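Below, each chain spelled out in residue letters.
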Protein chains: 2
Amino acid sequence: MSTNRFRYNTATTLDGYLADVHNSLDWLFVQTFDEAGPMSMNAFLADIGAIVMGSTTYRWLLEHEISADSPWPYTQPCFVFTHRDLEPVADTVHIVAGTPADLRERIVAAAGDRDIWVVGGGDLAAQFAAADMLDEVTVSIAPVTLGAGAPLFPRPFDLELTEIARNGDFACLRYRVVGPRKPADSAGETA
Amino acid sequence: MSTNRFRYNTATTLDGYLADVHNSLDWLFVQTFDEAGPMSMNAFLADIGAIVMGSTTYRWLLEHEISADSPWPYTQPCFVFTHRDLEPVADTVHIVAGTPADLRERIVAAAGDRDIWVVGGGDLAAQFAAADMLDEVTVSIAPVTLGAGAPLFPRPFDLELTEIARNGDFACLRYRVVGPRKPADSAGETA
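In short, a report on the structure. (Residues numbered from 1 in each chain as written. Chains lettered and ligands numbered in written order. Predicted model: local features only at pLDDT ≥ 70, side-chain atom pairs only at ≥ 80, totals over all residues. Heavy atoms only, no water.)

Let us look at the interface of chain A and chain B. Counting residues at the interface gives 34 residues for chain A and 34 residues for chain B. When chain A packs against chain B, close to 2,800 Å² is buried across both sides, 63% of that on carbon and sulfur atoms. The tally of links from chain A across to chain B stands at zero salt bridges. Residue assignment for the side of chain A that touches chain B shows that the elements contributing at least two residues are helix 1 (26-29), strand 7 (136-142), strand 8 (144-145), strand 10 (157-167) and strand 11 (170-180) of chain A. Sort the elements by how many residues they give to the side of chain A that touches chain B and strand 10 of chain A lands first, with nine residues. By residue class, the composition of the side of chain A that touches chain B is 22 nonpolar, four polar and eight charged. Bridging between strand 10 of chain A and strand 8 (residues 144-145) of chain B involves two bridges; their strand directions are antiparallel. Within strand 8 of chain B, the position partnered with F157 of chain A by the bridge is T145 of chain B. (Contact = heavy atoms within 4.5 Å. Buried area = accessible area lost by both parts, 1.4 Å probe. Salt bridge = Lys/Arg side-chain N within 4 Å of Asp/Glu carboxyl O. Helix = DSSP H or I, 4+ residues; strand = E, 2+ residues; numbered from the N terminus. Nonpolar A, V, L, I, M, F, W, Y, C, P; charged D, E, K, R; others polar. Pairing = 2+ DSSP bridges.)

Bringing the side chain of D158 of chain A into the picture now. When you line up the elements, D158 of chain A lands in strand 10. A polar side-chain atom of D158 of chain A sits 2.7 Å from a polar atom in the side chain of R181 of chain A. With residues near it in sequence (within four places) discarded, D158 of chain A still touches R176, V177, V178, G179, P180 and R181 of chain A together with P143 and V144 of chain B. (Polar contact = N/O pair within 3.5 Å; in protein donor to acceptor, adjacent residues only side chain to side chain.)

The next thing to look at is the sheet that holds strand 5 (residues 93-96) of chain A. Reading across the sheet, the nine strands line up as 5(A)-4(A)-3(A)-6(A)-1(A)-7(A)-11(A)-10(A)-8(B) and stay open at both edges, with mixed pairing between neighbours. Each of the sheet's edge strands pairs with one partner strand only, and the pair in question is strand 5 of chain A together with strand 8 of chain B. As paired elements, strand 3 (residues 48-54) of chain A and strand 4 (residues 78-81) of chain A share four bridges and run parallel to each other. Residue pairing for strand 4 of chain A: V52 of chain A is matched across the bridge by F79 of chain A.

In this section: the pattern of salt bridges. Overall, the coordinates contain 18 salt bridges over all chains when judged by the stated rule. Across the pair R7 of chain B and E136 of chain B runs a salt bridge whose closest N-O atoms are separated by 3.0 Å. With R7 of chain B in strand 1 (residues 6-13) and E136 of chain B in strand 7 (residues 136-142), this pair connects stretches of sequence that are 129 residues apart. Each member of the pair, R7 of chain B as well as E136 of chain B, carries the same accessibility label: buried. The partner of R176 of chain B in a salt bridge is E160 of chain B, with the nearest N and O atoms 2.8 Å apart. Remark: E160 of chain B occurs in strand 10 (residues 157-167) and R176 of chain B occurs in strand 11 (residues 170-180); sequence separation between them is 16 residues. In this structure R176 of chain B comes out as partly exposed when scored by relative accessible area, which is 41%. If you follow the salt bridges from partner to partner, you end up with R5, R7, D47, D115, E136, E163 and R174 of chain A in one network. (Buried < 20%, exposed > 50% of the residue type's maximum accessible area, 1.4 Å probe, protein only.)

All names here are of chain A. Counting buried residues along strand 11, eight of its eleven residues qualify, which places the element largely inside the surrounding structure. Strand direction decides the pairing type here: strand 7 and strand 11, joined by six bridges, are antiparallel. Within strand 11, the residue paired with E136 across the bridge is R176. Of the strand pairs in this sheet, strand 10 and strand 11 are connected by ten bridges, and their pairing is antiparallel. Across the sheet, the residue bridging to L161 is Y175, located in strand 11. Hairpin connection from strand 10 to strand 11: two residues lie between these consecutive antiparallel strands, with G168 at a positive phi of about 60 degrees.

And the structure:
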């Protein structure tokens, strides 16, 4: 049995959005974050052997972060889940169709003895969770509300808080994924 | 000039919902919270001279918390914002129509030298913020996602993180309200 952990790690707003309605992260890049501080991305990435993301996240990266001067930033194999016909921007990028379960074996093999970073978006992370392929949710909450946008995690799940820290402007929270929430109707009791 | 602070203080899910689509708080009451621990409601309530809430919150309280054995729990004057024809359940409950600004003087006078608790819902809290009548947002984040429900704060605002603590199952975050977010279009720059 593999002991790779699937770990969703993302920035979010206080009201649970990953991006605004125009798919912008303007609200994010004005915040301070200390990479030498608690729950830093560099420390997280050192544990990561493979990366998964959705097509919106991938195309956001291509549009905003990747250029002739600024190559694809990850050395780990990266699986982009999409039904679109996208071009891999590097040898380590794999455009894949299918469900998380379909790809599980291949992702785990690529990760070796390290963990898998579920980058997002929220719908892909929730699909991984629904396939029992999500162990951890870590959020860096920016001090912002947007009122609308791309949702953090559009399914009902129970979590367990395992770590809490402030880093710069962010509240950083780490959770263990417990499992899907049971509908209240089937709980059999009301308070 | 009054120095009363308007303070929105609520429990929420990690994905920014105050209640599920059936207006249920089942997900909330299964969590642990230590009233002797940090950011407790008793300590908060000691600073509160007046309370404001929306009609959904008020009717939720009447339905779930108030009975012959369990009277209205607050001694402070409470203003219920609604255009419905609701019955006050106690002498200290005032059913009011109008905007937050319309009622400001009356609420502040009722609060005396203490603060005002904006209980919710999210839309009322955001209306107070839009009227420049919100100083603080405090959230106790339950380790739950719902994917849908009543939103925490349905307007774009900038905040500043002032306190962070764990209490039981909750991550408790306190923010100063900075002001409405300026649209990215008018910021004049892209990263």
